[in-house]
Amino acid sequence: MVVEYVRYRIPEDRRAAFEDAYRAAGRSLRASPHCLRYELAHGVEEPDNYVLRIEWDSVEGHESGFRASPEFAEFFAAVKPFFADIAEMKHYAVTDVAGERPTIYEFAGGAPAFRELTEVFYAKVLADPLLAPVFEHFTPEHVTKVAVWLGEVFGGPADYSTGHGGHRDVLTRHLGLAITEEQRIRWVELMMASARQVLPANDVLRRRFGEYIEWGTAIARDVSQPGGDIGDPGPVPQWSWE
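Residues numbered from 1 in each chain as written. Predicted model: local features only at pLDDT ≥ 70, side-chain atom pairs only at ≥ 80, totals over all residues. Heavy atoms only, no water.

A.B. asks: What should I look at first to understand the overall build of the protein chain in this one?
C.D. replies: Counting its secondary structure elements, the protein chain contains 10 helices and 4 strands. In the protein chain, the succession of α and β elements from N to C terminus is β-α-β-β-α-α-β-α-α-α-α-α-α-α. The C-alpha radius of gyration computed for the protein chain amounts to 25 Å, which surpasses the reference 18 Å derived for 242 residues by more than 25%, pointing to a less compact arrangement than a globule. The 242 residues of the protein chain split such that 38% are buried. Summarising the internal contacts of the protein chain: among those between residues at least 6 apart in sequence, 73% fall at separations of at least 24. Surface exposure of the protein chain reaches about 13400 Å², of which carbon and sulfur atoms provide 54%. In the protein chain, 25 side chains carry a positive charge and 38 a negative one; their mean positions are 2 Å apart. (Helix = DSSP H or I, 4+ residues; strand = E, 2+ residues; numbered from the N terminus. Rg over C-alpha atoms; globule rule 2.2 N^0.38 Å. Buried < 20%, exposed > 50% of the residue type's maximum accessible area, 1.4 Å probe, protein only. Contact = heavy atoms within 4.5 Å. Areas by Shrake-Rupley, 256 points an atom, 1.4 Å probe, with all protein chains shown as cover. Lys, Arg positive; Asp, Glu negative; His and termini not counted. Charge placed at Lys NZ, Arg CZ, Asp CG, Glu CD.)

A.B. asks: It is not clear to me how the packing of helix H5 (residues 110–126) against helix H6 (residues 140–153) should be interpreted in this structure. Could you clarify?
C.D. replies: Each pair of packed helices gets described by two things: the angle between the helix axes and the distance between those axes. At a closest axis distance of 8 Å, the pairing of H5 and H6 adopts a crossing angle of 130°. Between H5 and H6, the crossing angle belongs to the class labelled oblique. Along this stretch, H5 crosses H6, giving a crossing that reads as right-handed. Taken together, the residues of H6 that come into contact with H5 (itself represented by Phe114, Arg115, Leu117, Thr118, Glu119 and Tyr122) are His142, Val143, Thr144, Val146, Ala147, Leu150 and Gly151. Split by residue class, the contact of H5 with H6 holds 7 nonpolar, 4 polar and 2 charged. (Axes fitted to C-alpha atoms, helices over the stretch in contact; angles between N-to-C directions. Parallel < 35°, antiparallel > 145°, perpendicular 65-115°, else oblique. Left-handed = near helix turned anticlockwise from the far one by under 90°. Nonpolar A, V, L, I, M, F, W, Y, C, P; charged D, E, K, R; others polar.)

A.B. asks: Honestly, the packing of aromatic side chains in this entry has me stumped. Any pointers?
C.D. replies: The geometry of an aromatic ring pair is captured by the separation of the ring centres together with the interplanar angle, meaning the angle of the planes. By the definition in use, this model includes 26 aromatic pairs. Pairing Phe72 with Phe76 gives two aromatic rings, centres 5.7 Å apart and planes at 35°, and the pair type is tilted. Of the two residues, Phe72 and Phe76 both sit in helix H3 (residues 70–79), 4 residues apart, roughly one turn of that helix. Here the aromatic rings of Phe107 and Trp241 are separated by 5.3 Å at their centres, their planes lie at 85°, and the arrangement is edge-to-face. Note that Phe107 is positioned in helix H4 (residues 104–108) and Trp241 in the segment after helix H10 (203–223), a separation of 134 residues in sequence. Taking the relative accessible area as the measure of exposure, Phe107 reaches 35% and is therefore partly exposed. Here the aromatic residues Tyr8, Phe18, Tyr22, Tyr50, Trp56, Phe66, Phe72, Phe75, Phe76, Phe82 and Phe83 are joined through ring pairs into a cluster of three or more. In this structure, Arg101 is placed above the aromatic ring of Trp241, and the distance from its NZ or CZ to the ring centre is 4.1 Å. (Phe/Tyr/Trp six-rings, centres within 6.5 Å; stacked < 30°, edge-to-face > 60°. Lys NZ or Arg CZ within 6 Å of the ring centre and 35° of its normal.)

A.B. asks: Would you take a moment to explain the layout of surface pockets for this structure?
C.D. replies: Here the idea is plain: a probe the size of a water molecule rolls over the atoms and shows the empty space left. Of the pockets and cavities examined, the largest pocket occupies roughly 840 Å³. Contributing to the lining of the largest pocket are 33 residues, with Tyr122, Phe135, His142, Val146 and His174 lying nearest its centre. Among the secondary structure elements, those contributing two or more residues to the lining of the largest pocket are H6, helix H8 (166–172), helix H9 (181–198) and H10. Of all the elements, H10 adds the most residues to the lining of the largest pocket, at 8 residues. Residues of the lining of the largest pocket, tallied by class, amount to 20 nonpolar, 8 polar and 5 charged. (1 Å grid on protein atoms, 1.4 Å probe; cavity = no way out; pocket = protein on both sides within 12 Å on 5 of 7 lines; lining within 4 Å. Points joined across faces, edges and corners; volume = space filled by probe spheres on them.)

A.B. asks: What's the story with the packing of helix H1 (residues 15–31) against H3 in this structure? I'm lost.
C.D. replies: The N-to-C vectors of H1 and H3 enclose an angle of 165°; their axes lie 8 Å apart at closest approach. Comparing the axis directions of H1 and H3 gives the class roughly antiparallel. Both H1 and H3 take part in a crossing whose hand is left-handed. Taken together, the residues of H3 that come into contact with H1 (itself represented by Ala21, Tyr22, Ala24, Ala25, Arg27, Ser28, Leu29 and Ala31) are Glu71, Glu74, Phe75, Ala78 and Val79. Split into classes, the residues belonging to the contact of H1 with H3 amount to 9 nonpolar, 1 polar and 3 charged.

So yeah, pure geometry; function would need other evidence.
Structure, rendered in C-alpha cells:
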C-alpha cells in the first residue's frame with residue numbers, strides 16, 4: 001500500500017465548489033479496486049489549505065490501473081478546475097510507526113474487566129429488594145453472558161453474536177418481565193456504581209458507558225411489557241468513543 005497526498009490552496013470563494021467536486025469525484029475512487037480509502041481534510045489554522053489523502057494498493061495501481069480505467073475520466077472531469085491550485089501531489093510509503101486509539105473494550109481492560117464488572121454488579125442486584133425478584137431464576141451463566149454482551153457492544157469480540165444468539169436473544173430474555181421504570185432506574189444506578197468501582201476513571205469512557213446503559217435499559221423495559229414485540233432487532237449495537 002502507498003498513500004498519495006495532494007495538497008491544495010483554495011480561497012474562500014471557491015471552497016464550496018471544491019468540496020462538491022471531490023464529493024462527485026469520490027464516486028470514481030470508490031468504484032476503483034485500486035483505491036482502498038480516501039479522505040479530504042480542511043485546514044483549521046490555515047483555512048485555504050486542503051489535504052486529500054488516498055490509500056492506493058500500489059503506485060502502479062494508481063498510475064497504470066486507475067488512470068487507465070473508465071473511472072478516471074469522470075474523476076478528472078470533476079477535479080480538473082482545481083489542478084492549478086495543487087501545491088503538492090506525491091506518493092508516500094507507509095512505515096511501521098503507526099497506532100490507533102483502542103476500543104472502549106480494550107481501554108476498559110478487555111474480557112477480565114467486563115467479567116469483574118458483571119460480577120460486582122450482580123452481587124448488588126441480588127441483594128437489592130427492588131431488583132432481586134426480577135432475577136429469581138438467576139444462574140452464574142447469566143454473569144458470563146452479560147459480560148460477553150457488554151464486551152461485544154463496546155468493541156470486543158463478536159462472541160455474543162456467534163455463540164449466544166445475538167441481539168434477538170438478549171431482547172427475547174426480557175419478554176414478559178414487565179420491568180417498571182423504577183426498576184430500570186435502579187438497574188442503571190447499580191450498574192453505574194459498579195462501573196465506578198471497576199472501570200478506569202475516565203470521564204469519556206464513563207459517559208459513553210452510561211449513554212449505552214440508559215439506551216439499552218429503556219429498550220429492555222419497553223419489550224418486557226405485556227404484548228412486547230422485538231420485531232427485527234438487527235445486529236448487536238456497537239458503542240464507540242464517538
